[in-house]
Amino acid sequence: QVQLVESGGGLVQAGGSLRLSCAASGRTFSNYGMGWFRQAPGKEREFVAAITSGGNTNYASSVKGRFTISRDNAKNTMYLQMNSLKPEDTAVYYCATGRAAWITTAKGDYDYWGQGTQVTVSS
């Protein structure tokens, strides 16, 4: 079955950086779009960034210019480089696989999810 495992979360000071990884198995990874979402306490899970099977990307306006999504199809791994982190970036970050090669910002268009990794940004 499809499995997604996130790693790389942690505690960082405002202005710092973290790199999240999402290791995928059980699917031909390169055929599908992938995305990152996040959920802060008491809030809805929200779109962060996504990447098509061909490498085209889309970002939420709140992270554009600070976060970079990428993928290495040979390693079945997706990444999220997060720079200039702010306290409002604090959340559990989830990776997900799309239902097709393209991407959207809608949670319902993603069918498999990882367990999440906590990112905490202190002020």
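For the structure, check the block above.
Residues numbered from 1 in each chain as written. Predicted model: local features only at pLDDT ≥ 70, side-chain atom pairs only at ≥ 80, totals over all residues. Heavy atoms only, no water.

(A) Focus on the environment of G15. For G15, the location among the structural elements is in the loop between β2 (10-13) and β3 (18-25). Put simply, G15 and Q3 are 12 residues apart on the chain and 32 Å apart in space, counted from C-alpha to C-alpha. Once residues within four sequence positions are removed from consideration, G15 is found in contact with S84 and L85. (Helix = DSSP H or I, 4+ residues; strand = E, 2+ residues; numbered from the N terminus. Contact = heavy atoms within 4.5 Å.)

(B) Highlighting the state of the cysteines. On inspection of all chains with the given rule, the structure shows 1 disulfide. Here C22 pairs with C95 through a disulfide, and the sulfurs are 2.1 Å apart. Measuring handedness by torsion sign, the sulfur bridge of C22 and C95 sits at about 60 degrees and is right-handed. In this pair, C22 sits in strand β3 while C95 sits in strand β9 (residues 91-98), placing the two residues 73 residues apart along the sequence. For C95, a relative accessible area of 0% puts it in the buried group. (Disulfide = S-S within 2.5 Å. Buried < 20%, exposed > 50% of the residue type's maximum accessible area, 1.4 Å probe, protein only.)

(C) Structural context of the sheet that holds strand β1 (residues 3-7). Across the sheet, which stays open at both edges, the 4 strands sit in the order β1-β3-β8-β7 with antiparallel pairing between neighbours. Whereas interior strands pair on both sides, the edge strands pair on one side only; in this sheet they are β1 and β7 (67-72). When strand polarity is set aside, the average angle formed by the axes of neighbouring strands in this sheet is 15 degrees. Bridge count between β3 and strand β8 (residues 77-82): 6 bridges; the pairing is antiparallel. By the bridge assignment, L20 is partnered in β8 with L80. (Pairing = 2+ DSSP bridges. Axes fitted to C-alpha atoms, helices over the stretch in contact; angles between N-to-C directions.)

(D) Geometry of the pattern of salt bridges. One pass over the structure, following the stated rule, counts 4 salt bridges. We note a salt bridge from D111 to R27, for which the minimum N-O separation is 2.9 Å. Here D111 is found in strand β10 (residues 110-113), whereas its partner R27 is found in the loop between β3 and β4 (34-39), with 84 residues between them in sequence. Since its relative accessible area comes to 25%, D111 is described here as partly exposed. Here R38 makes a salt bridge to E46, at a shortest N to O gap of 2.7 Å. Given a relative accessible area of 6%, R38 falls into the buried group. (Salt bridge = Lys/Arg side-chain N within 4 Å of Asp/Glu carboxyl O.)

(E) Geometry of the environment of G114. Mapping G114 onto the fold places it in the loop between β10 and β11 (117-122). For G114, a relative accessible area of 12% puts it in the buried group. Between the alpha carbons of G114 and T57 there is a distance of 20 Å; along the sequence they are 57 residues apart. For G114, the residues in contact, after removing those within four places along its chain, are L4, E6, Y94 and C95.

(F) Seen up close, the packing of aromatic side chains. Applying the stated criterion to the full structure yields 4 aromatic pairs. Here the aromatic cluster, defined as three or more aromatic residues joined through ring pairs, consists of F37, F47, Y110 and W113. Against the face of Y79 rests R19, its NZ or CZ located 4.0 Å from the ring centre. We note R45 situated over the ring of W113; from NZ or CZ to the ring centre the distance is 5.0 Å. (Phe/Tyr/Trp six-rings, centres within 6.5 Å; stacked < 30°, edge-to-face > 60°. Lys NZ or Arg CZ within 6 Å of the ring centre and 35° of its normal.)

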